[in-house]
Amino acid sequence: MPLTPLQRSLISRTAMAVLGLALLYGGRACLRVTSEIYQDDLGQNQQTSSHPAGDLDDTRLPFLLGVCLICLGTPFVIGAILPARVLYNLPFLSNPSAGRETVEQFLQ
């Protein structure tokens, strides 16, 4: 039994929403871990002065991973929520040079 266009649309939008939300949740978890590592390092640095206060070496990777996951998940969630006709009318999707022209006019 073939699927109707409505069923296909619902399935694809649900899949995009689930994938996007999973990426956003993973990004949020990474940022939470970054915060916990930073707070733990601050507590240890107050007890011992072997490392400079505010040393961010341990927090760089989870922070970068969290930001990347959030940046990857956001378009999926937006694509799942917005109708296709709205996405098609966005200027940077329908005409890739539209944003460049606006920036060039602003800079002049």
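Here is what the cut-offs are and how they apply
Residues numbered from 1 in each chain as written. Predicted model: local features only at pLDDT ≥ 70, side-chain atom pairs only at ≥ 80, totals over all residues. Heavy atoms only, no water. Helix = DSSP H or I, 4+ residues; strand = E, 2+ residues; numbered from the N terminus. Buried < 20%, exposed > 50% of the residue type's maximum accessible area, 1.4 Å probe, protein only. Contact = heavy atoms within 4.5 Å. Areas by Shrake-Rupley, 256 points an atom, 1.4 Å probe, with all protein chains shown as cover. pLDDT = per-residue confidence, 0-100. Salt bridge = Lys/Arg side-chain N within 4 Å of Asp/Glu carboxyl O.

Caption draft 1: Spatial organisation of the overall build of the protein. Counting its regular elements, the protein contains 5 helices and 0 strands. If you list the helices and strands of the protein from N to C, you get α-α-α-α-α. Out of the 108 residues in the protein, the part that is buried amounts to 16%. Long-range pairs, those at least 24 residues apart, make up 69% of the contacts in the protein with a sequence separation of at least 6. Split by element, the accessible area of the protein, about 8500 Å² in all, is 67% carbon and sulfur.

Caption draft 2: Quick peek at the side chain of Thr59. Structurally, the position occupied by Thr59 is in the loop between helix H1 (5-47) and helix H2 (60-81). Apart from residues no more than four positions distant in its own chain, Thr59 is found in contact with Thr34, Ile37 and Tyr38.

Caption draft 3: Examining the confidence of the model for the protein more closely. For the protein, the mean per-residue pLDDT works out to 80, and 71% of the residues sit at or above 70. Within the protein, H2 carries the highest mean pLDDT (93), whereas helix H5 (residues 98-107) carries the lowest (55).

Caption draft 4: The arrangement of the pattern of salt bridges in detail. Evaluation of the coordinates by the stated rule reveals 1 salt bridge. Note that Glu36 and Arg32 form a salt bridge whose closest N and O atoms lie 4.0 Å from each other. Residue Glu36 and its partner Arg32 are both found in helix H1; the two are separated by 4 residues, about one turn of the helix. Using a relative accessible area of 46% as the deciding quantity, one classes Glu36 as partly exposed. Using a relative accessible area of 37% as the deciding quantity, one classes Arg32 as partly exposed.

Caption draft 5: Just the environment of Leu10, in detail. With respect to the element layout, Leu10 can be found in helix H1. In this structure Leu10 comes out as exposed when scored by relative accessible area, which is 51%. Linking Leu10 and Ala80, residues 70 residues apart in sequence, is a C-alpha distance of 9.2 Å.

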